[in-house]
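So the chains spell out like this:
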Amino acid sequence: MQYSRLPVATRIVLRLVAICCVVFWGCRFLGNDCLGQDTTIRFEDLSQSSQIDFIHDNGSSGRHYLIEAVAAGMASFDYDNDGDIDLYFVNGAALPGAARSRPPTNQLWRNQGQFKFEKPSGTYSEDRGYGLGVTVGDVDNDGFADIYLSNLNQNELLLNNGDGTFTKSVDETLACGDRAGGGPCMLDADGDGNLDIYVANYVDFNFDIQATKFRGRTVYGGPLLYDKLPDNFLLNQGDGTFVDYSQASGIDENREWGMGVVCFDFDADGDTDIFVANDSTRNLLYENDGSGSFFDIALLAGVAYDHRGDPQGSMGADVADYDGDLRLDVFQTAYTKQLATLYRNLGDAVLEDATLRTGAGKGTFYYVNWGTGFIDLDNDGDKDLFIANGHIHDNMDDLDDTVSYRLPNQVMQNEDGRFRDVSEQVGDVFQIEASSRGCILDDLDNDGRVDIVVLNSLAKPTVMRNTSKPQNWIQFQLAGTSSNREAVGSQVIITAGDKSQILEVHSGRGYQSHFGSRLHFGLGSAKTVEKVEVRWHGAQPQVFSDLAANRIYTLIQGQPPESSAEVEIQK
């Protein structure tokens, strides 16, 4: 029967059905944004009441040196082992042509509880180099987390003395020469129980390279103006010293413009591999043979380029299991006019670009994305995404009407493996526009809900308290004995009800930042975790049973669990 001969009413019905199908499947493709569902995720702005008065300084003088645009990362960790997670902000330094009455320094802010922070004096953590990235880990296995800084020129290792102070390591190998550093991370590459250090290098920086002109304005030149450098891999000798193992490990065979780094066991073979997000060129995925030797398999694994076969202006990276198959997936942020990319782990050392199918890149195309992290913001058992945004060009508003220098940040809610941009629904704090860079995601008030702090270029940080509708949760602080003390590289798999989840302890993630050493699982309505399997890095696994929800557990390798007092869940 011809369509034109159908009754008018029938044709109208068919048209309505067709329109509904287009809308439904279009919304599925775009991550369900247009369906208009509400979200229970909520945040409030505590930037002022937190008492943090740190202001990031990129050292600019108007000459537009590239490193000004890419600074900086930040870290969250419990530096004094009091059970509260503290904050560390990386800062720049005055560059040629810039005058500062007081030299900018990195700043450590101690968590006093109740979302109040203080800047302790006399900690000797105030490195005055030009800071770009940071990671945290216990390199000497003394039970206190140390700080490694990726700088312009000389990197630094700050050793935690355990009394609230830090001492700079005198090992010159850790400096990595005169380079503009990218993201650092720590991993136990050879399974000896000591944390080694990987440092991505951004560019072979030179002050003589002039800024670029665009539409009559002076703007930052990109990395293509600079030579590429190999990254550094520093092997921990276990006696307080490191050796440069870059050549012997195979790391220095590749030269790219390195940015964010995250180390994880992508192929589930028990050793730690390395993903490097590179700017304007292919990404790297180093497969570890278990002895600390690496081979780049990014092209074979499917993460060197996006689904079109194009390199991206890659910035930050994080890993987690977003779809519940107990395999660790990769999310990577990117430059403007590119989509942030989600790589789904298919197993058998293969990943696929699942960005369009899952909606994970929704709303990222025009923005420049930096810091990012997988985290369960509503405690429903699924890993959501946070993305920090901000353009590199401080005069962008005069150059392009599709994007601005200052931008709002984003929350992508995970709904059964598909993502929905709920940024406009989660609170007024997500309407704040800044040029954000690094970020941390951690439970800063120990209420079982993960909070967010963002480092903003040339501004104060944004401090966001998670006030989402309460659901059940459980957290684990791991401590290795034969494994490295921070248990970096160890994995925890929990089963609560009919749902299993996996998390891995990382040192370094997001955009040249560090967070999440205490593992956080949302449980939804489950009040008990029936099984907890800890796969200690380089050692035998350990299984615990029937742990109550809404507690923070300390799991010491080879010992029964210890828990904090139960946190009341407000209804």
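Above this text you will find the structure in question.
Chemist: Before we move on, can you summarise the sheet that holds strand 2 (residues 74-77) with the specific residues and values?
Modeler: Spatially, the four strands line up as an open sheet ordered 2-3-4-5, and their pairing is antiparallel. Two strands lie at the open edges of the sheet, namely strand 2 and strand 5 (116-118), each paired on one side alone. Strand after strand, the sheet turns through a mean of 25° between neighbouring axes, direction not considered. Relative to strand 4 (residues 107-113), strand 3 (residues 86-89) runs antiparallel, the two being bridged by three bridges. Opposite Leu87, over in strand 4, you have Trp109 as the bridge partner.

Chemist: Any chance you could break down the side chain of Thr358 for me, citing the residues and the numbers?
Modeler: If you trace the backbone, Thr358 turns up in helix 5 (residues 355-358). A relative accessible area of 2% means that Thr358 is categorised as buried. Among the polar contacts listed, one links the side chain of Thr358 to the backbone oxygen of Ala354, at a separation of 2.7 Å. A polar contact is formed between the side chain of Thr358 and the backbone nitrogen of Ala360, at a distance of 3.4 Å.

Chemist: How would you summarise the layout of surface pockets if you had to cite specific residues and measurements?
Modeler: Its volume calculated, the largest pocket comes out at about 540 Å³. Surrounding the largest pocket, 26 residues form its lining, Asp78, Asn81, Gly83, Gln477 and Thr554 being those nearest its centre. Broken down by secondary-structure element, the contributors of at least two residues to the lining of the largest pocket are strand 2, strand 34 (472-479), strand 40 (552-556) and strand 41 (562-563). A per-element tally of the lining of the largest pocket places strand 34 first, with three residues. When grouped by side-chain class, the residues that make up the lining of the largest pocket number eight nonpolar, 12 polar and six charged. The residues that make up the lining of the largest pocket include at least three from each of domain 1 (43-472) and domain 2 (473-563). In this structure, the second largest pocket occupies an estimated 460 Å³ of space. If you trace the second largest pocket, you find 20 residues lining it, with Arg102, Pro103, Thr105, Gln107 and Lys119 closest to the centre. A class-by-class count of the residues in the lining of the second largest pocket yields six nonpolar, seven polar and seven charged.

Chemist: Account for empty space enclosed by the protein, with residues named and values stated.
Modeler: According to the stated counting rule, one finds four cavities of 30 Å³ or more in the structure shown. Roughly 180 Å³ of volume is contained in the largest cavity. Considering the residues around the largest cavity, the lining is formed by 20 residues, among which Ile375, Arg509, Gly516, Arg518 and His520 are closest to the centre. Sorting the residues of the lining of the largest cavity by element identifies strand 23 (317-320), strand 27 (369-375), strand 31 (436-442), strand 36 (499-504) and strand 37 (519-524) as the ones contributing at least two each. Residue composition of the lining of the largest cavity, by class: 11 nonpolar, four polar and five charged.

Criteria and cut-off values
Residues numbered from 1 in each chain as written. Predicted model: local features only at pLDDT ≥ 70, side-chain atom pairs only at ≥ 80, totals over all residues. Heavy atoms only, no water. Pairing = 2+ DSSP bridges. Helix = DSSP H or I, 4+ residues; strand = E, 2+ residues; numbered from the N terminus. Axes fitted to C-alpha atoms, helices over the stretch in contact; angles between N-to-C directions. Buried < 20%, exposed > 50% of the residue type's maximum accessible area, 1.4 Å probe, protein only. Polar contact = N/O pair within 3.5 Å; in protein donor to acceptor, adjacent residues only side chain to side chain. 1 Å grid on protein atoms, 1.4 Å probe; cavity = no way out; pocket = protein on both sides within 12 Å on 5 of 7 lines; lining within 4 Å. Points joined across faces, edges and corners; volume = space filled by probe spheres on them. Nonpolar A, V, L, I, M, F, W, Y, C, P; charged D, E, K, R; others polar. Domains from an automatic or database assignment.

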